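Commentary on secondary and tertiary structure
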Amino acid sequence: MVRGKKSVERVTELMKDPKHIRNIGIVAHIDHGKTTLSDNLLSGAGIISEELAGKQLFMDSDPEEQARGITIDASNVSMVHEYEGQDYLINMIDTPGHVDFGGDVTRAMRAVDGAVVLVDAVEGTMPQTETVLRQALKEGVRPVLFINKVDRLVNELKVDEMEMQIRLGKVIDKVNKLIKGMNEEAYNNGWKLDAGAGTVAFGSALYNWAVSVPFMKKSGISFKIVYEKCRAGDMKYLAKNSPLSDVLLDIVVHQLPNPLDAQKRRIPIIWHGDKESKEGKAMINCDPKGAVAMMVTDISFDPHAGEVATGRLFSGSLKRGDTLYVMGSAMKENRLQQVGIFMGPKRVEVEEIVGGNIAAVTGLKDAFVGSTVTNLLEITTFESLKHYSEPVMTVAVEAKNMKDLPKLVEVLRQVAKEDPTLVITINEETGEHLISGMGELHLEIICGRIKRDKGVEIVTSEPIVVYRETVTGKVENVEGKSPNRHNRFYFTLEPLPDEIVDLIKKGEVSMNQQAIERRDALLKAGFDKDDAKAVKMIKGTNILIDRTKGIQYLNETMELIIEGIGEALAGGPLADEPVQNLKMSLTDVKLHEDAIHRGPAQVIPAVRGAIKGGMLIAGDSLLEPVQKLQITVPMDQMGAATSQIQGRRGQVFDMQSEGDTIAVVGKAPVAELFGFAGDIRSATEGRAMWNTEFAGFELVPNNMVKEVVIAIRKRKGLKEQIPTPNDYLAV
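Residues numbered from 1 in each chain as written. Predicted model: local features only at pLDDT ≥ 70, side-chain atom pairs only at ≥ 80, totals over all residues. Heavy atoms only, no water.

Attention now moves to the overall build of the protein chain. Scanning the protein chain for helices and strands turns up 24 helices and 32 strands. Here the protein chain has roughly 30,700 Å² of accessible surface; of this, 48% comes from carbon and sulfur atoms. (Helix = DSSP H or I, 4+ residues; strand = E, 2+ residues; numbered from the N terminus. Areas by Shrake-Rupley, 256 points an atom, 1.4 Å probe, with all protein chains shown as cover.)

What follows is the structure in structure tokens.
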């Protein structure tokens, strides 16, 4: 193994050889032991001392992470592992397990080719295990399995040797069932996990040991020895003779793909450009001499170097002083100031990084998470990152001291750049700044960082729930008139079918696709043939169809029409909440022949009014965020767990018993879940374990809509009176 400074030198040599690179992510449910595992791998690579492995939590470099004992940010590290006499470079990302930070997992999966899925031997697969597996498979990332905390099975559950093996087999079966259900094709093509084939390891990250079937043959450590040593508490023997870092990194090198193999499979999934083009071939072949194609997956701030953009480089090479462009920005030249890699919290500068690596660069001032960085002025961008969760909770923040207001606005923009799962709304007129996040913990952490890291004292409101608006019926040919009455726009509005909404959410239908590819995907989902050809805009889960024929000047006006629609969708007529799942068809347009009479001041208000007024006629209603709940309790506490869900407008839809515990599965609106943690603890005498997971939006019950709408309008300072269609449609 190579140590310290020598490690950096060896890393820089190996970076140029994609065959000997593995890009991996560590993913799991919260508290299943990812960061402890990462420590072990780092100690094996000589980056931290063996004594501290499992205790130092090296990858949790943020003080907040150390205080709470959870991972909040994904962190990167590059290390060297020797396998069968050959050195390999392993670029690893340790990801968070808490549902509030799932966005980090999505971004990490874009950067890596393989994932080590960690499962607690006692708890088995949990809701978040399922979510992270789905994220990995969607990105074409190949999984291997590490079953952690095997010592707990023996010492806490007191199982015998046979029972231990049966339980471990059940965990493998459950994970395989998930993989098969999510991607049967991959499962049948060799992605099925199999201990005999060496894609599964068993061990204890806390005590630094692991076993796999291939390593057992090499070391002579059998399940029998594992069982006996666990019973005797002799973890040191196992750590010495079957060290976790060797076992797991051997699996990573032997079973997970290198960038050359992975990119042939992954590029068609994440990039919809022409695969036969020069840049397409360069990416598929991981060509260091090809065009630069990098996808930014993370942005962090370094007090000395400024903004650091981290991402996967699929082709080309990066050197200090190179000029690059960020697609989707103003396309100004961005000059690289530093090029480096992460070794945990430390960034190490290198001369050059080539395709197939994870790079950390400074100087990309226009970059944002999810952006495509290249040295070409034109290139098809990478498929945008799709997060499985949506912001469901909001807090209002204001600067404690008025003099800090300009700084707060700057800091909020920075925070939004670092974490794209946040939605920041800055209202410079009212001075109200809203931060929407994944949950109470997410918002608490972000607000804490604004105070601690950015040095701005802020006052925050109580968290409030984010709602959405949608239509429940159909309205045809709603007329929107321009203020000068010379232009008229006619729209038909109706709910967008669920199948199409799902395709948009999964990223299988988007405006980044070639028109033919998009049309075929929509037709397959049952969309009307003429509509599928005429998609003009997809914004969120809303779609605009142009059903007009041969209207003069429409092409040059279309951009303004889309802008007007964008304004209407940003805040619906009921409660000024974002609109979703709306299908809009432009059926007819009458335009003034003089361009001066059909400018932005005429077109935008007419379109905005038609959409908002039309939504009210079509039955505008509110959607509220819902979370799936899984509460695991002893049998005698089952009643307390079910009543906690049912007493919050929730539903229980499954109960699974395992041993002397029962898992109650249900769902409840986010609005009813404030204070849930304290209530469930006291109701079950502190014996409940629970998880929440975002489960989408559902219609607010009819009898509650008016009350909720009035409360939101009051809070936003809008007129309490609910508007009518005539308020938006010029009579």
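Looking now at the pattern of salt bridges. In total, this model carries 31 salt bridges according to the counting rule given. The closest approach of N and O atoms between Asp531 and Arg547, which form a salt bridge, is 3.0 Å. With Asp531 in helix 19 (residues 529–533) and Arg547 in the loop between strand 27 (542–546) and helix 20 (554–570), this residue pair connects regions lying 16 residues apart in the sequence. Asp531 sits in the buried class, given a relative accessible area of 2%. Across the salt bridge formed by Glu624 and Arg649, the nearest N and O atoms sit 2.9 Å from each other. Residue Glu624 is found in strand 29 (residues 620–634), and its partner Arg649 is found in the loop between helix 22 (638–646) and strand 30 (651–658); the two are separated by 25 residues along the sequence. For Glu624, a relative accessible area of 4% puts it in the buried group. For Arg649, a relative accessible area of 31% puts it in the partly exposed group. When salt bridges with common partners are traced through the structure, they connect Arg110, Asp113, Glu139, Arg266 and Arg312 into a single cluster. (Salt bridge = Lys/Arg side-chain N within 4 Å of Asp/Glu carboxyl O. Buried < 20%, exposed > 50% of the residue type's maximum accessible area, 1.4 Å probe, protein only.)

Where helix 7 (residues 161–182) meets helix 10 (residues 223–232), the axes come as close as 10 Å, and the angle between the chain directions of the two elements is 110°. Accordingly, the angle class assigned to the pair helix 7 and helix 10 is roughly perpendicular. Between helix 7 and helix 10 lies a crossing whose hand is right-handed. Across from Glu161, Met164, Gln165 and Leu168 in helix 7, the residues of helix 10 making contact are Phe223, Lys224 and Tyr227. Looking at side-chain class alone, the contact of helix 7 with helix 10 contains four nonpolar, one polar and two charged residues. (Axes fitted to C-alpha atoms, helices over the stretch in contact; angles between N-to-C directions. Parallel < 35°, antiparallel > 145°, perpendicular 65-115°, else oblique. Left-handed = near helix turned anticlockwise from the far one by under 90°. Contact = heavy atoms within 4.5 Å. Nonpolar A, V, L, I, M, F, W, Y, C, P; charged D, E, K, R; others polar.)

To continue, consider unusual backbone geometry. The phi angle at Asn477 is positive, at roughly 50°, despite the residue not being glycine. The topology assignment puts Asn477 in strand 24 (residues 475–481). A residue is classified by how much of its surface remains accessible, and Asn477, at 44% relative accessible area, is partly exposed. For Asn581, which is not glycine, the phi torsion reads 60° and is therefore positive. Position of Asn581 among the secondary structure elements: in the loop between helix 20 and strand 28 (582–590).

Here the focus is the nonpolar core. Counting 48 residues, the largest nonpolar core has Met109, Leu145, Ile147, Met164, Leu168 and Phe202 as its most contacted members. Core analysis: the next-biggest nonpolar cluster, separate from the first, contains 33 residues, Val395, Ala399, Phe697 and Val700 among them. (Core = buried A, V, L, I, M, F, W, Y, C linked by side-chain atoms within 4.5 Å.)

Below, the discussion takes up the packing of helix 22 against helix 23 (residues 676–683). Their axes nearest at 9 Å, the elements helix 22 and helix 23 cross at an angle of 155°. As far as their axial angle goes, helix 23 and helix 22 are roughly antiparallel. You can see that helix 22 and helix 23 cross each other, and the crossing is right-handed. Residues Ala640, Ala641 and Gln644 of helix 22 form the contact with helix 23, whose own contacting residues are Phe676, Asp679, Ile680 and Ala683.

Hydrogen bonds along the backbone pair up the strands of a sheet, which may run parallel or antiparallel. If you trace the five strands from one edge of the open sheet to the other, you get 24-25-28-27-26, paired in mixed fashion. Either end of the sheet is taken by a strand with one partner, and the two such strands are strand 24 and strand 26 (535–539). In this sheet, neighbouring strand axes are inclined to one another by 25° on average, regardless of whether the strands run parallel or antiparallel. With eight bridges connecting them, strand 25 (residues 488–495) and strand 28 associate as antiparallel partners. What sits directly across from Leu493, in strand 28, is Met584. Running at roughly 35° to strand 25, helix 21 (residues 600–617) makes contact with strand 24, strand 25 and strand 28 of the sheet. (Pairing = 2+ DSSP bridges.)

Structurally, Gln580 can be placed in the loop between helix 20 and strand 28. For Gln580, a relative accessible area of 7% corresponds to the buried category. Here Arg468 takes part through its side chain, which lies 3.2 Å from a polar atom of the side chain of Gln580. (Polar contact = N/O pair within 3.5 Å; in protein donor to acceptor, adjacent residues only side chain to side chain.)

Per-residue confidence for the protein chain gives a mean pLDDT of 84; residues scoring 70 or more make up 89%. This model gives residues 48–74 a pLDDT under 50, and the stretch forms 85 contacts once residues within four places in sequence are excluded. Low confidence marks residues 97–102, where pLDDT is under 50. Its contacts with residues over four positions away, or in another chain, come to 24 contacts. (pLDDT = per-residue confidence, 0-100.)

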